[in-house]
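Residue strings, one per chain:
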Amino acid sequence: MTVNFPPGFLWGAATAAYQIEGAAREDGRTPSIWDTFSHTPGRTLGGDTGDIATDHYHRRAEDVRLMAGLGLGAYRFSVSWPRVQPGGRGHASQPGLDFYRALVDDLLDHGIRPVLTLYHWDLPQELETAGGWPERGTAHRFADYAHLVAEALGDRVELWTTLNEPWCSAFLGYGTGVHAPGRRDDLAALRAAHHLNLAHGLGAQALRAALPSTAQVSVTLNSAVVRARTDAPEDLDARRRVDALGTRIFTEPMLRGAYPEDLIADTAGITDWSFAHDGDADVIRHPLDSLGINYYTPTVVSAGTDNDRSRTDRLPWPDSGIVAFHQPPGKRTAMDWSVDPTGLHELLTRCAREFPGLPLVVTENGAAYDDKPDGSGAVHDPERIAYLHAHLDAVRRALADGADVRGYFLWSLLDNFEWAYGYSKRFGMVYVDYATQTRTPKSSAHWYAQVARTGQLPPY
Ligand code: FCB
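A brief structural summary.

Conventions and cut-offs
- Residues numbered from 1 in each chain as written.
- Predicted model: local features only at pLDDT ≥ 70, side-chain atom pairs only at ≥ 80, totals over all residues.
- Heavy atoms only, no water.
- Helix = DSSP H or I, 4+ residues; strand = E, 2+ residues; numbered from the N terminus.
- Rg over C-alpha atoms; globule rule 2.2 N^0.38 Å.
- Buried < 20%, exposed > 50% of the residue type's maximum accessible area, 1.4 Å probe, protein only.
- Contact = heavy atoms within 4.5 Å.
- Near = heavy atom within 4 Å.
- Polar contact = N/O pair within 3.5 Å; in protein donor to acceptor, adjacent residues only side chain to side chain.
- Nonpolar A, V, L, I, M, F, W, Y, C, P; charged D, E, K, R; others polar.
- Disulfide = S-S within 2.5 Å.
- Pairing = 2+ DSSP bridges.
- Axes fitted to C-alpha atoms, helices over the stretch in contact; angles between N-to-C directions.
- Phe/Tyr/Trp six-rings, centres within 6.5 Å; stacked < 30°, edge-to-face > 60°.
- Expected span 1.5 Å × (residues − 1).
- Salt bridge = Lys/Arg side-chain N within 4 Å of Asp/Glu carboxyl O.
- Parallel < 35°, antiparallel > 145°, perpendicular 65-115°, else oblique.
- Left-handed = near helix turned anticlockwise from the far one by under 90°.

**Points about the overall build of the protein chain**
In terms of regular secondary structure, the protein chain is built from 15 helices and 15 strands. Computed over C-alpha atoms, the radius of gyration of the protein chain comes to 21 Å, within 12% of the 23 Å expected from 2.2 N^0.38 for 460 residues, which places it in the range of a compact globule. Its C-alpha atoms put the protein chain at 60 × 55 × 45 Å along the principal axes. A total of 460 residues make up the protein chain; the buried ones form 61% of that total. In the protein chain, of all internal contacts separated by at least 6 residues, the share reaching a separation of at least 24 is 77%.

Okay, structure coming up:
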């Protein structure tokens, strides 16, 4: 049966600055933590860096034409902070802003709505050297940066997002250290989480002050879909811990105005949270126009090998002994992530239930597969079509169950620099030959274009 999505539903694709732009040292751009990290031996697979990436900085016009050809209604991209405010403080870089003005103008000329994310992980290195997200000052720098971008682009961009996946910035960047800046320090991770929350609130205020009243302000979270391996109380407690640190650490202060009590108790051995000052809660809780949701795969947990569940001096991530993570059964993508569209339905309906009246947007969803051109140069990716179909069907079911979902953004428009995995993982609906920078839409791109043009999910 063919299924119709609501009229006005936004169909888009997403990217992030460091993953596609390249031109790392052009027009006054200074290094971000990802330049430093990727240039440090052993941090990314094969030593890959974003120096050139997909060369989008120089191929912007071609890429927008590509999107238009695929019938996309919206494009979610991020602004590179060190490109528009080198060093992370002070004056704006006009060439940097000009790049985004030109990008947005191209999009609007082609009838594609720009959806701008201010921060997709590329903190100016100077701000990390000054302490990074564990320091309060970084949140204030972010608000200044938000103001500067809003002044420059507020006349042409309506949809604004403060942060992308602050969980990754805090816990992968400062906790496990697998992302930039690569620190392993539980206290730093919790401080970073709070200052990212604060940056979101201050940034949202700065946006509202500078933007027309019609502008919409949002944040994108990768809330964890956590399942307990059994119903045993210790496994359910493991799920609760990961839910607190993976999801509620952001949703509760941003949308309800306070950190969850169980989170404070779970982390009492690490911090008393005195870095959260009086008044912060009111700033962080900023009325939003929508909530962005990124979903890829669920997490299955059980109690870890450390049986002392009263421990409050470690975060429950791999190696901590507090929680054990398991591979769910079933199909996997090239990331080894299990394919489970029920998680997307669960997440959307949970958000709809917990935050009634707040529109939701799927700001990222997609899959990496080992795509290769065939003898004729075409790239067939039936697994990605199956993945997308199943997940769009989950969105449809969430809509039918009352979730107010306004749009879907496929990750990603192009194959790109997949962070610590370098160029080894291909998430694009468009294949990129990195040697020549040739773009070839995969069969999934043609399939998705049809969905975007018609607003209909065909039978599968
Ligand atoms: C998300 C990131 C995005 C991309 C996808 C695969 O966590 O926001 O940049 O790497 O995962």
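Here the narrative resumes, following the displayed structure.
**Observations concerning the site of the ligand**
What surrounds the ligand is the set Gln19, His120, Trp121, Asn164, Glu165, Tyr296, Glu364, Trp411, Glu418, Trp419 and Phe427. One of the side-chain N or O atoms of Glu364 is found 3.0 Å from an oxygen atom in the ligand. Between an oxygen atom of the ligand and a side-chain N or O atom of Trp419, the distance comes to 2.9 Å. Among the residues making up the shell around the ligand, the classes are represented as five nonpolar, three polar and three charged.

**Focus on the state of the cysteines**
Overall, the coordinates contain zero disulfides when judged by the stated rule. Cys168 takes part in no disulfide bond, and the closest cysteine sulfur to it belongs to Cys351, at a distance of 16 Å. Residue Cys168 is classed as buried on the basis of its relative accessible area, which comes to 6%.

**Regarding the sheet that holds strand S10 (residues 323–326)**
With mixed pairing, the three strands of this open sheet are ordered in space as S7-S9-S10. Either end of the sheet is taken by a strand with one partner, and the two such strands are strand S7 (226–228) and S10. For this sheet, the mean inter-axis angle between neighbouring strands, taken without regard to orientation, is 40°. Of the strand pairs in this sheet, S7 and strand S9 (residues 299–303) are connected by three bridges, and their pairing is parallel. When the sheet's bridge partners are listed, Val226 is paired in S9 with Thr299. Along the sheet face, helix H10 (residues 233–255) touches S7, S9 and S10 and points at about 125° away from the line of S9.

**Observations regarding the packing of aromatic side chains**
As enumerated under the stated definition, the model contains 35 aromatic pairs in all. Ring centres of Trp34 and Trp419 lie 4.8 Å apart, and the angle between their planes is 50°; on these two criteria the pair is classed as tilted. Here Trp419 lies in the loop between strand S12 (405–411) and strand S13 (430–433) and Trp34 lies in helix H2 (residues 33–38), a separation of 385 residues in the sequence. Each of the two residues, Trp34 as well as Trp419, counts as buried. Ring geometry for Tyr119 and Phe142: centres 6.5 Å apart, planes at 85°, overall edge-to-face.

**Points about the sheet that holds strand S11 (residues 360–365)**
Here eight strands make up a closed barrel; going around it, the order is S2-S3-S4-S5-S6-S8-S11-S12 and the pairing parallel. Direction aside, neighbouring strands of the sheet carry axes that sit 25° apart on average. With respect to the sheet, helix H5 (residues 94–109) is in contact with strand S3 (74–78) and strand S4 (113–119), its orientation differing from that of S3 by roughly 170°. Each of strand S2 (10–14) and S12 is contacted by helix H15 (residues 443–454), which is oriented at about 145° to S2, the strand it contacts most.

**A word on the environment of Trp337**
Tracing the sequence through the fold places Trp337 in the loop between S10 and helix H13 (342–354). Remark: the alpha-carbon pair of Trp337 and Pro298, spanning 39 residues in sequence, is separated by 8.4 Å.

**A word on helix H14 (residues 382–400)**
Between its first and last C-alpha, H14 extends 27 Å over 19 residues, near the 27 Å set by a 1.5 Å rise per residue. When H14 is considered as a whole, its buried residues turn out to be Arg384, Ile385, Tyr387, Leu388, His389, His391, Leu392, Ala394, Val395 and Ala398. Where the residues of H14 are buried, they touch S2, H13, S11, S12, H15 and strand S15 (456–457). The first or second residue beyond H14 is Gly402, which carries a positive phi of 100°.

**Some thoughts on the pattern of salt bridges**
The full count for this structure, using the stated rule, is 39 salt bridges. In this structure, Asp280 engages Arg136 in a salt bridge whose closest nitrogen and oxygen atoms are separated by 2.7 Å. Remark: Arg136 occurs in the loop between helix H6 (125–129) and helix H7 (137–153) and Asp280 occurs in helix H12 (residues 280–284); sequence separation between them is 144 residues. For Asp280, a relative accessible area of 4% gives the class buried. Put simply, Asp237, Arg240, Arg241, Asp243, Arg248, Glu252, Arg256, Asp262, Asp266, Arg350 and Glu354 are held in one network by salt bridges that share partners.

**Digging into helix H9 (residues 186–210)**
Along an α-helix, a turn takes 3.6 residues, which lines up residues three or four apart on a common side. For H9, with 25 residues, the first-to-last C-alpha span of 36 Å sits near the 36 Å given by 1.5 Å per residue. Here H9 lies mainly inside the structure; 18 of its 25 residues are buried. Its side-chain oxygen 3.1 Å from the backbone nitrogen of Leu187, Asp185 forms the N-cap of H9.

**Let's talk about the side chain of Asn164**
Considering the arrangement of structural elements, one finds Asn164 in strand S5 (residues 159–164). Here Asn164 falls in the buried class, since its relative accessible area comes to 1%. A distance of 3.0 Å separates a polar atom in the side chain of Asn164 from a polar atom in the side chain of His120. Apart from residues no more than four positions distant in its own chain, Asn164 is found in contact with Arg76, Thr117, Tyr119, His120, Trp121, Ser169, Thr220, Asn294 and Glu364.

**Focus: the packing of H7 against H9**
With their axes 8 Å apart at the nearest point, H7 and H9 run at an angle of 30° to one another. On the basis of their axis angle, the class for H7 and H9 is roughly parallel. As H7 runs across H9, the sense of the crossing is right-handed. In this structure, H7 uses Ala139, His140, Phe142, Ala143, Ala146, His147, Ala150 and Glu151 to contact H9, whose residues at the interface are His195, Leu198, Ala199, Leu202, Gly203, Ala206, Leu207 and Ala210. Along the lines of polarity and charge, the residues of the contact of H7 with H9 split into 11 nonpolar, four polar and one charged.

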